Amino acid sequence: MVANIFIGKGCFDITPAQLALAWLMNKADYITPIPGSRSIEHITENWQARNLKLKPETLTALDELINNATVSGDRYNDAQQKEIDTEVFFKPDAEP
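Cut-offs used in this document
Residues numbered from 1 in each chain as written. Predicted model: local features only at pLDDT ≥ 70, side-chain atom pairs only at ≥ 80, totals over all residues. Heavy atoms only, no water. Helix = DSSP H or I, 4+ residues; strand = E, 2+ residues; numbered from the N terminus. Buried < 20%, exposed > 50% of the residue type's maximum accessible area, 1.4 Å probe, protein only. Contact = heavy atoms within 4.5 Å. Axes fitted to C-alpha atoms, helices over the stretch in contact; angles between N-to-C directions. Parallel < 35°, antiparallel > 145°, perpendicular 65-115°, else oblique. Expected span 1.5 Å × (residues − 1). Core = buried A, V, L, I, M, F, W, Y, C linked by side-chain atoms within 4.5 Å. Left-handed = near helix turned anticlockwise from the far one by under 90°. Nonpolar A, V, L, I, M, F, W, Y, C, P; charged D, E, K, R; others polar.

### Observations concerning the overall build of the protein
When helices and strands are tallied, the protein shows five helices and zero strands. Listing every helix and strand of the protein by position from the N terminus yields α-α-α-α-α. Here the protein holds 96 residues, and 21% of them are scored as buried. Contacts in the protein between residues at least 24 apart in sequence constitute 52% of all its contacts with a sequence separation of at least 6.

### Quick notes on the environment of P56
Residue placement: P56 occurs in helix α4 (residues 56-65). The class for P56 is exposed, based on a relative accessible area of 60%. Separated by 30 residues in sequence, P56 and N26 place their C-alpha atoms 9.5 Å apart.

### Quick notes on the packing of helix α2 (residues 16-27) against α4
Running from amino to carboxyl end, α2 crosses α4 at an angle of 100°, the nearest separation of the two axes being 11 Å. Overall, the two elements α2 and α4 adopt an arrangement that is roughly perpendicular. Across from L19, W23, N26 and K27 in α2, the residues of α4 making contact are T58, L59, L62 and D63.

### A closer look at α2
For α2, which comprises 12 residues, the first-to-last C-alpha distance of 17 Å matches the rise-based estimate of 16 Å (1.5 Å per residue) to within 8%. Inspection of α2 places Q18, L19, L21, A22 and W23 among the buried residues, and these make up the whole buried set.

### Notes on the nonpolar core
A general feature of soluble globular proteins is that nonpolar side chains tend to end up buried together. Core analysis: the biggest nonpolar cluster contains seven residues, these being I14, L19, A22, W23, L54, L59 and L62. Counting residues per element, the ones that place at least two in this core are α2 and α4. Examining the composition of this core, we find that three residues originate from one element, α2, more than from any other.

### Re the packing of α2 against helix α3 (residues 40-48)
Running from N to C, α2 and α3 cross one another at 45°; their axes reach a closest spacing of 8 Å. Here α3 runs oblique to α2, going by the angle between their axes. In the crossing of α2 with α3, the sense of the turn from one axis to the other is right-handed. Along its contact with α2, which presents A17, Q18 and L21, the element α3 presents E45, N46 and Q48. Taken together, the residues of the contact of α2 with α3 sort by class into two nonpolar, three polar and one charged.

See below:
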């Protein structure tokens, strides 16, 4: 589905990671994504996302695809989850 948005909205010159970062940065001024970076190439790629402006229909399509109703489950495995304090998402009709 993300590939359809990525291709269907004319985002040919950006990577999926840049699309994700741009989506988060275009949501609100107070949102600052902190991407992982394993190489200089990833850092450069991530940095280039800072100036991307997404069309409103692209933001809407991504919001409809990625939200609390469509994403659920653990972000980390059990051992990691015990070491950190982070959220766990549940689908609206699921029991925690």
